[in-house]
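Now for the letters of each chain:
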Amino acid sequence: MNYQEIVNYLKEKGYAISFNSFKGIECIEVKVDFKYCSIEFIHFCSEELICLPQFLLKNPKKYGTLSHVLSYDEFDLASICIGDQDAVSVNFEKPNFAFKESLDRHISLIKKCLLDKDWNTKELLREFYSNWLSICGDTKQDLICASNADFGKMKVFKPVSSRAYGFESQHIGITANASKLAEFSYIERQKKNRINAGLGFVIPLDNLIPAPTTSNNIKNWYIDTISNVVLPSNILHAKEKVFWLIFNADTPSGKTWFGLHCIYKGKGKKTIPIKASLLDNWKIIPIRVKIFNKDRLMPRSGANISLDKKSVLVVGCGSVGGEIVHKLGAAGIGSMELCDPDIYSLDNIYRHVLQDIFLGCNKALALSVQLDSKYPWIKTKYRKSKLLELRKKDFLEQFDLIVIAIGSPTHERIFHDYIIKNKVNTPVINTWLEGYGIGGHATLDIPSSKGCLRCAYVDMEKGVRGLSSNLNFLEDNQSIVVNHAGCGQLYLPYSAISSAQTALIATNLAISFLMKSIKESSKISWKGDYSEITTLGFQVSHRYTVFDKSLQVIPLYNESCDLCYGR
Amino acid sequence: MGVQTQFNKFHDAIKLSKQDDVYKKAREKDDSITQDIKNAFKDANHPVIEDFIQGSFATDTAILKKNGDFDIDRAIVISYDDAPANPIPPKKIICDNVLEKRGFKNSKIKKPCVTADYTSESLHIDFPLYRKIDDSYELSIGKRNSDEANRRWESADPKGLKDWIKDKTSYWGSSVNKLNQFNRIVRYLKRWRDEKFSEEVGKKIYSIGITVMAKHCFSPSFDDDGRAEDLIAIKDTVSLMLSNGYFNDQGNDQYKVSVYLPVTPWRDIFDGSSTNTSTQFRNKLSNMKTKLDKAIAEDDEVKKCTILNEIFGDDFQIPEEKNTTTENNRRAIFSSSGAVGTSQGA
C-alpha cells in the first residue's frame, strides 16, 4: 500500500497526520482536538488492505472506561470496535477513501463516548457480554448452565476427560430448578461419565456494573457487584474450596449470563467472600457461561419457540423425508412421529442424512435417535407403518400437520381419498421429487380451504382426474427409473441436492403453515436444469417450459378439480 | 366452464378415430375388399406385398363430414419387380375385377387412386397403388385412359408424410399434448372448410393441403398450468397460414395458393387449382382469423361461442346463458388410463 499517498490525501482533507514509529514498528499517527482534550490514534502500516483500516487509541486510561474500546494495558493502547468488519465492503482499490472512512468512524465513535456519558454507560452494559469474553482466558473453564434465572444452588460437573470438543468437553452446571425444565432429560444424559467439579450458585443481578476492562480488575468488580446483592442464606453460609458463581442480569441487549470460578488457595473451606478483606487467598477467574435454556437457545440458534407445541406426523423417511425431519427439528417443532417400514442400506448412503452407523436399522427409528440427540427439546416417536396403514381418523387428528414424502402417487391418492371421505381435519403436505435434478414439488392441503391433493392431479389436457401430478416437470410414461439389478432393484436417479432442495420447499410450506403465514391450500415447486434430461432423450412437460415461479408459494386450487369446484 | 370445454365438445362431435364403431365397421368392409384385391393381384402375378392405412386416419386428423360420410385411404403395394411398366392395368384390376364385381356402381380410376363409395355406409374408400423398390415407394399416376405422357410411376413417400405430420420432436414440453392440439386444430379447420365452402370448391381445398399448412404454422397454446387454449392456438395458426407465403397475390385481389409436399415428390399440393379456389380459400381464412380475434376479445362466454358457432357450424355448441345459482357439484370423471408411468419419487 502506498502510505505516502494515503497520508497526503488525509492531510489534504485536514487531518493532523504524520508518519511515526511505535516500539520500532512503522505507523501513522493522527491527532484530533476536541473541545477539552486532544486524542491520538495510531495505525500500524500493513501490506494489504483487507478490512477497514484499524486505528488504535493511544493512552486510553486518560479517558476512563469507554464503550467499544478494548485496552491493551501493556502497550497503553486500545482497539476500537467500529462495527462488524464482515458487514462492510471495503474499497481496496482506492485505499485513500477507505482510510478516510475508517478514521471518520473511529473519531465519531470516540467523540460520542466522551461527550455522551449516559450513552457510553448504556453501551458498556449492552456490550457487557463481549467485554466479559475479552477478559476470560482459555475455554477450559467454560460452563454450560442448565438453570432458570432465579437464585439457585448448582451442581457442577467436570468435562469428560480426553474430550476436546462437543458437549462433553465442557463443564456443566445443573440447578435443582432445572429438573422442571423440558431440557432436563437431555441435560441429564450429559452427566454420564463426569465427576463433580464443585458447588455453584446462580445469582441474578439487579444492578449490573460494566464489565472490567482487564482481568486485573476482576476482584474489584466482583466486590462492587456482590456487595450490592442480598444473597440468600444458603449461599452465604455454604463453605467450599471452590465455588462457581453464575450471574445473570438484564442488559439493553437482553439477559446476559457470565460467571466466576472462585478457588480458595488457603487451608480448609470458606464461605463466599463478600468483602474485599476476605479476598485473600481467593483466586477469581472470569469464565464464559453458555446458558442451556429453551427461551434463549432456541431463538438464538435459529429455531422458533412458538413451534415447540406443534406436533407433526412425517410419513416416509427416505432421502426427502430424512431432510424434512431435520429441518422441522431445526425449526423448533416440539414433537414428531416418524413412519417408515424401510431399512437404511448402503444404497441410500450418499443421498440420505443418516450416518453409516445406522445401516441395517429402520429409517424411522434411526432418524428418531438422530433427532433426539441433536435437538434438546424435541420429542420423537417412530413406527414402522406404511402410509395406508395409518388410515385412522383419531390417530391422524392428533397432529397439527401430516407430511407425506413417499413418492408414491397411487398410495398418496388412496390416502387422500380416506382423508376426504372421513373428513379428517388435519392438513397434509405431500412432497416428491423427479429424477435427474429436474425439480421437486410440495402441496399443502388444508381441509378448510379450497384446493386439495386432487387439484394437483387433474389431467390438464382432459380436465379429468389424472393419475400423475400436473405439477410434474417430466412427461408421463417415460422410463425414468434405472434398473441395475433386475426387478425390485429399480431406482429413480437423483442426487442429495435434489432431495435436500425438495425437503426445503416442503419444510418451508410446513413451517409457514404452522406459523399461520399460509392459510390456504398451496403448492410450491423448484425447477432444475434440463440438460441431463434432454441428453438422455426424456421429454419435459409444458409446465416445465413456462414455469417461472420456482420457490414461490402459489394457490393449489384447480378449477377443474371435481372435489373442490363449488366449495 | 370456459370456451375450451366447448372446443372439447366440438372436437368430440367431429372427430373420427380408429376406436369409433363406425370406423370399425368400415374397416371390416375395407379388410374384405383388400383381401379380394390381394387375391386378384395374386392371380395377375403381381402379389400385394404390403398394405397400410394412410391419410387422415393414419395421422389422427379424420373427421366426420357433415353428411356423415368419411374416407378411408388404403394403400396397396406391389413389388417393383412384379409391377408392369404401365401403372394403369393393376388399377383396372382393382376397379373392374374387385370393386365392380362387389357391386360398386361408381368405382372410378382417378389419377392418384382407385375410388369407391359405399353409399349405404356413408363410406368412401380410396385405394392408392404403389410399387416398392427397396424402401422406396412409387405411386401409380394416371386415369383409365391416360396415354403414355400422362401415366407414370411417381416417386412418393406416404410413410414419410405420415411421420412428418405426426412428428412431435419440435414441440418443447408436453409434446404429446401439443401434437393432440395440432390434431384438433386440423380437424377444426377441416370442419370449417366443410361449413364455409360450396361442395364443389370445398373438395378442392384438399385436406392434405390444410394439414401441411397447419403443421408448418402450428402455434401451440396452453396456459401455465397446462390447460389447452385451442382458441388461441387456432387463431395463431391461421394467422401464420395467412402470412407464411402460401397465398401469392395475383393482383386485383386474386390469389394463387401453393403448398408443397414436405416429402418426395415435393410437388405443389394445389397445383392446378384455380385462382377462384385459391382466392376463396385465402379470403375465407382471413375472415375466420378476424372472427377468431373477435371471439378472443369477447369476455362473455355465450357471445364468444356464438362467434365460434358462426365459424364452425352447429357442432360447435353455444352454451345456455349462465345459471344465476352457482353450480356446487361437479361429477368426478375418472382417468381412462389403467396406470401411467410417473417420474415421482422421494
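Residues numbered from 1 in each chain as written. Chains lettered and ligands numbered in written order. Predicted model: local features only at pLDDT ≥ 70, side-chain atom pairs only at ≥ 80, totals over all residues. Heavy atoms only, no water.

## Things to note about the sheet that holds strand β13 (residues 254-264) of chain A
Residue and element names in this part refer to chain A. The 8 strands are arranged β15-β13-β12-β10-β8-β9-β7-β16 in an open sheet whose pairing can be described as mixed. Two strands bound the open sheet, and with one partner strand each, they are β15 (282-287) and β16 (289-291). Strand-to-strand twist across the sheet, computed as the mean angle between neighbouring axes with direction ignored, equals 25 degrees. Summarising the sheet, strand β7 (residues 143-146) and strand β9 (residues 171-175) pair through 4 bridges and their orientation is parallel. Along β9, the bridge assignment pairs Ala146 with Ile174. Helix α4 (residues 128-135) rests against β13, β15 and β16 of the sheet, and its axis sits at about 25 degrees to β13. (Pairing = 2+ DSSP bridges. Helix = DSSP H or I, 4+ residues; strand = E, 2+ residues; numbered from the N terminus. Axes fitted to C-alpha atoms, helices over the stretch in contact; angles between N-to-C directions. Contact = heavy atoms within 4.5 Å.)

## Quick notes on the packing of aromatic side chains
Applying the stated criterion across every chain yields a total of 43 aromatic pairs over all chains. On the basis of an interplanar angle of 25 degrees and a centroid distance of 5.6 Å, the ring pair of Tyr206 of chain B and Phe270 of chain B is categorised as stacked. Of this pair, Tyr206 of chain B sits in the loop between α6 (199-202) and α7 (207-217) while Phe270 of chain B sits in the loop between β10 (254-257) and α9 (275-297), and the two are 64 residues apart along the sequence. Judged by relative accessible area, Tyr206 of chain B falls into the partly exposed class, the value being 31%. Among the residues examined, Phe270 of chain B registers a relative accessible area of 0% and is labelled buried. Members of the aromatic cluster, each reached through a chain of ring pairs, are Phe128, Trp132, Trp221, Phe247 and Phe258 of chain A. Taking NZ or CZ as reference, Lys215 of chain B lies 4.6 Å from the ring centre of Phe182 of chain B, over its face. (Phe/Tyr/Trp six-rings, centres within 6.5 Å; stacked < 30°, edge-to-face > 60°. Buried < 20%, exposed > 50% of the residue type's maximum accessible area, 1.4 Å probe, protein only. Lys NZ or Arg CZ within 6 Å of the ring centre and 35° of its normal.)

## A short note on the pattern of salt bridges
The full count for this structure, using the stated rule, is 45 salt bridges over all chains. A salt bridge links Glu168 of chain A to Arg163 of chain A, with the shortest nitrogen-to-oxygen separation between them at 2.0 Å. We classify Glu168 of chain A as partly exposed; its relative accessible area is 23%. Between Glu397 of chain A and Lys393 of chain A there is a salt bridge, and its shortest N-O distance comes to 3.0 Å. In this structure Glu397 of chain A comes out as partly exposed when scored by relative accessible area, which is 27%. Take Lys393 of chain A: its relative accessible area is 29%, and that puts it in the partly exposed class. One continuous salt-bridge network, built from bridges that share partners, spans Arg27, Asp30, Asp31, Lys38, Asp51 and Arg74 of chain B. (Salt bridge = Lys/Arg side-chain N within 4 Å of Asp/Glu carboxyl O.)

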